[in-house]
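# Residue-level structural notes
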Amino acid sequence: MLLAYPFRFLVPRRAVPEAAVATAVALLVLAGAAAVVPTPVVIALAGGAGATLAGVRLSRLAVHRPAAPPPADSSWRVSAILLDAAVVAAGWVAAVWPLVDTRHRAVALLGSLIVVVLSVAGLRGLPARTPAPARLRGLVDAAGPTVGLTLAGWLLLPTATLPAPARLVAALVLAGLGNAALSAFTGRRRRSGDAICRGGVLLTLVGLVLLTILPSASTGRAPLLAVPPLVLGMLLTALGATSAVATSSVTPPTGTPATTWPRAVLPASVLLLAAGLHLGSGRTPDRTSLLVALAAVPPLVLRELLRGGAGAPERHAAHRRAADHPIRHREPQPHRPAATPESWAPATTSSGADGVWRADASGAGATWPDTGVAWSPAHRQSGATGDGPGDRAALLAALAAIGDVPAPAGALLLVELHGTEGLGPVAREDALAEAVLRARAVVAPGDLVTGCMGAGFAVVTGAGPVVAYALGTRLLATLTVPYQLAGSVLRVQASIGLAEVSGAGPADVLRQAELARRRAVQLGRDRVEWYDAFLEEQLVRRLDLERELPGAVARGELDLVYQPVLDLTDRQPVGAEALLRWRSPVLGTVLPAELLPVAEDLDLVGELEWWVLDRACRQLAAWVAGSRELWMAVNVTTRELTTPDFVQRAAAVLAAYGVPPERLVVEVAEPRVAADLSTVVARLAGLRSLGVRTALDDFRAEHASLAQLRRLPIDLLKVGPELVGARPAGQPPLIDVVVNVGERLGVEIVAEELESATQVEGAQRAGCRYGQGFALSRPATAERVEAYFEEFPSAYH
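This structure is a prediction, so every number in the text was calculated from the model and none was measured.

Our next topic: the pattern of salt bridges. Evaluation of the coordinates by the stated rule reveals 23 salt bridges. We note a salt bridge from Arg517 to Glu514, for which the minimum N-O separation is 2.4 Å. Of this pair, Arg517 and Glu514 are both found in helix 17 (residues 506-522), three residues apart, which corresponds to roughly one turn of the helix. Where Glu557 meets Arg555, a salt bridge forms, and the shortest distance between an N and an O atom there is 2.7 Å.

Let us now look at helix 15 (residues 425-442). Between its terminal C-alpha atoms helix 15 stretches 26 Å, which fits the 26 Å expected from 18 residues at 1.5 Å a residue. If you check which residues of helix 15 are buried, you get Glu429, Asp430, Ala431, Leu432, Ala433, Glu434, Ala435, Val436, Leu437, Arg438, Ala439 and Arg440.

The next point concerns the packing of aromatic side chains. This structure, assessed with the given rule, holds seven aromatic pairs. Where Tyr562 meets Trp623, the ring centres are 5.6 Å apart and the plane angle is 65 degrees; that geometry is what we call edge-to-face. Within this pair, whereas Tyr562 is found in strand 10 (residues 558-567), its partner Trp623 is found in helix 20 (residues 605-625), the two being separated by 61 residues in sequence. For Tyr562, a relative accessible area of 5% corresponds to the buried category. The class of Trp623 is buried, set by a relative accessible area of 1%. An aromatic cluster is built from Tyr562, Trp623, Tyr788, Phe789 and Phe792, whose rings are joined through pairwise contacts.

What follows deals with the side chain of Arg438. When you line up the elements, Arg438 lands in helix 15. With a relative accessible area of 0%, Arg438 lands in the buried category. Within the structure, the side chain of Arg438 is placed 2.9 Å from the backbone oxygen of Thr478, a separation counted as a polar contact.

With that settled, the discussion passes to the pairing of strand 5 (residues 456-461). Most of strand 5 sits out of view: six of its six residues are buried. Side-chain alternation along strand 5 places Gly456, Ala458 and Val460 on one buried face and Phe457, Val459 and Thr461 on a second face that is also buried. Bridge count between strand 3 (residues 411-418) and strand 5: six bridges; the pairing is antiparallel. Looking at the pairing, Leu414 lines up with Ala458 of strand 5.

Before going further, it helps to examine the packing of helix 15 against helix 16 (residues 465-479). Helix packing for two helices is described by the angle between their axes and how far apart those axes are. Relative orientation of the contacting elements helix 15 and helix 16 amounts to 140 degrees, with a least axis distance of 10 Å. Comparing the axis directions of helix 15 and helix 16 gives the class oblique. Remark: the crossing between helix 15 and helix 16 carries right-handed chirality. Where helix 15 approaches helix 16, its residues Ala435, Arg438, Ala439 and Val442 are matched on the opposing element by Leu471, Arg474, Leu475, Thr478 and Leu479.

About the criteria used
Once a new chain begins, its residue numbering starts again from 1 and follows that chain's sequence as written. Local features in this predicted model are restricted to residues of pLDDT 70 or higher, and side-chain atom pairs are both shown and tallied only at a pLDDT of 80 or more, whereas totals for entire chains, interfaces and linings draw on every residue. Working from all heavy atoms in the structure, the side-chain values ignore hydrogens and water. Salt bridges are identified by distance alone: a Lys or Arg side-chain nitrogen within 4 Å of an Asp or Glu carboxyl oxygen. A run of DSSP states H or I qualifies as a helix once it reaches four residues; a run of E qualifies as a strand once it reaches two. Both are numbered from the N-terminal end. Given a helix with a known number of residues, its expected span is that number minus one, times 1.5 Å. Buried, partly exposed and exposed residues are distinguished by accessible area as a fraction of the type maximum, computed with a 1.4 Å probe on protein chains only: under 20%, between the cut-offs, and over 50%, respectively. Note on aromatic pairs: the rings of Phe, Tyr and Trp (six-membered ring only in Trp) are paired at centre separations within 6.5 Å, and the planes decide the class, stacked below 30 degrees, edge-to-face beyond 60, tilted for the rest. Any N or O atom pair separated by 3.5 Å or less is treated as a polar contact, with the protein-specific requirement of one donor-capable and one acceptor-capable atom, and with residues adjacent in sequence counted only for side-chain atom pairs. Following DSSP output, two strands are said to pair if at least two bridges run between them. To obtain each axis, a line is fitted to C-alpha atoms, and for helices this fit is confined to the stretch in contact; angles are then taken between N-to-C directions over 0 to 180 degrees. When describing relative orientation, an angle under 35 degrees is termed roughly parallel and one over 145 degrees roughly antiparallel, while 65 to 115 degrees is termed roughly perpendicular and anything else oblique. Crossing handedness: left-handed means the near helix sits turned counterclockwise from the far one by under a right angle, and right-handed means the same turn made clockwise. Contacts between residues were defined by any pair of non-hydrogen atoms, one from each residue, lying within 4.5 Å.

Distances and angles like these do not, on their own, reveal function.
Written out as structure tokens, the structure reads:
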């Protein structure tokens, strides 16, 4: 019922007690920090509350039948009892610890050790525990961040109350517990009950260790730092154990891709904070700090070695299984061998009994790998290259086998070649065959090279991501060497996408590598791009834009908003700039900065810009009919401006709506003018001959820009706020230079993107005639802009 429980959308009903306890504990900690409640009382009450609720949860789990069918093995009841005893002991330690003096804290320390023993024993009996090899792999991966957290602890822990050996041990213990908890909450099985329970136990131990090493509760408020992990840990222990038992017999726990960024960012952030506080206090790094920092190097090396070597037998078996797929093979062409650069050895192959062409033992001249880059005669006839069903099946089989290894490691590289599009089918096939030959000479003997796309191939390597990235750079270097084919030289570019095989499904790994490859293409080719989650968000957004933009004009999804331009002398409106908005029902409102690059790639810029010119002139005609003395500025790209019939088409639009030409301002961006300066000059001159005014947008006060400014037939010069800002002492603002040049050339200056009163004053003081920006007026719909104009009678005849 909504009235009975109005907050059910924020907190699930089953978690209401935990939310209530957490809220109460947070208020207690705030009261203790403000010295309203004594620190010992806060620790005792908070620990008691957390232990009571967690103990009740675990007791009910051990005694009552779970809501879901329990596991057949009854060891989970023993685990619930042990974990119950552990949280009760932790609560007892929290209650007793502040009440005893330093000499008697050995009793409380004994209680903490009891918590450790009970917790470890309880975790061992939970269903769906993480396999030992995976835990070992996790420890190796966590070694580097743990060393970093150890260094942070060494720098942050108090030196007055802890001798150096005890401080180092405490820092190491805290770092290990904290990083292990972070791994539990961010790993592949972070949503499983046993991972939540394990993370809760580790947080509880962090709280107990902090109580042990921080100064006495009677001398300050530092022990309050132990309360959040202690209480949160006890609550998560109970919730995780309950979830582990309730879900173990319903469906097997399934892994999700690990969230890697917290494990990289949080330890590094803590270390940077600790180093900043340490140095800010005037202290310098001691010998122990340097030794701990150096200790981070071996774990990183060991991690890469294990990533490259772990599961090697399984990966080789995967490659053998991949080779067993029915991949069609291309017979060699002895009468027309692919020519190679002088740095490449001649190809030498041997044919097995199965008719598959294999590399020689040295691998120096392997034309086709034994795992199956191959094309059949049917491919040759159709013009397709290397995109057969067998190739994809081999690739997915290899990725699946690697993912099934207890400690999966490896990487997938998708390679696409650019520059073969104009070749015939046979020449294109020969170029790809030569590329595969070169790749086979670069990769390791156990790596799989297989066809996956029409103009490229895939490489599955057992190396870790860093080594795989280095392999990608070597592939780039060798694949972009010119090709000698049929007496001609072919130069190609390559784009490589890299995705790590770390337990994700084969289809997911392939998708991730494909997204990374697309990103490499978008960024200019001849590069290796590494997949990450943010990259996927960007590329998925880009794919959505590319899918939805075609047809947006016909569907009526485009819109214009208008930003007034004001005369800075009297703050009266003199015109407006038409700004494009795409109101997509799928993607929401898309701004030009995101829209135009996609439109350029899809060759839709011309369609969009002519729509903008048409709608802007129609709106301008309405304003002219209302006797408003205003101009309308529209933006065009140099690509569209330089088309042969641009001036004639612009004149036709003006005539269609009966708009006086002098009311239209055509803006072109300065950074792109230099590429075709003579044509741009001719088109701008043609517009001015019609009476249309012209403007140069995004002007940069550089020597080359000032030099070409003299050649451009323009009426307005638009400059950004960066030219208005202050410069080093003794140097005038750049806007002064631009204004002086504009006065000599008879060009009026428009200061745009003015977002503060200071920028507006600076532009006016420098002599800018007009201004535009949020500090003056924001872009708005035509109706709102018209209402804004109504406030200025001088905007009319």
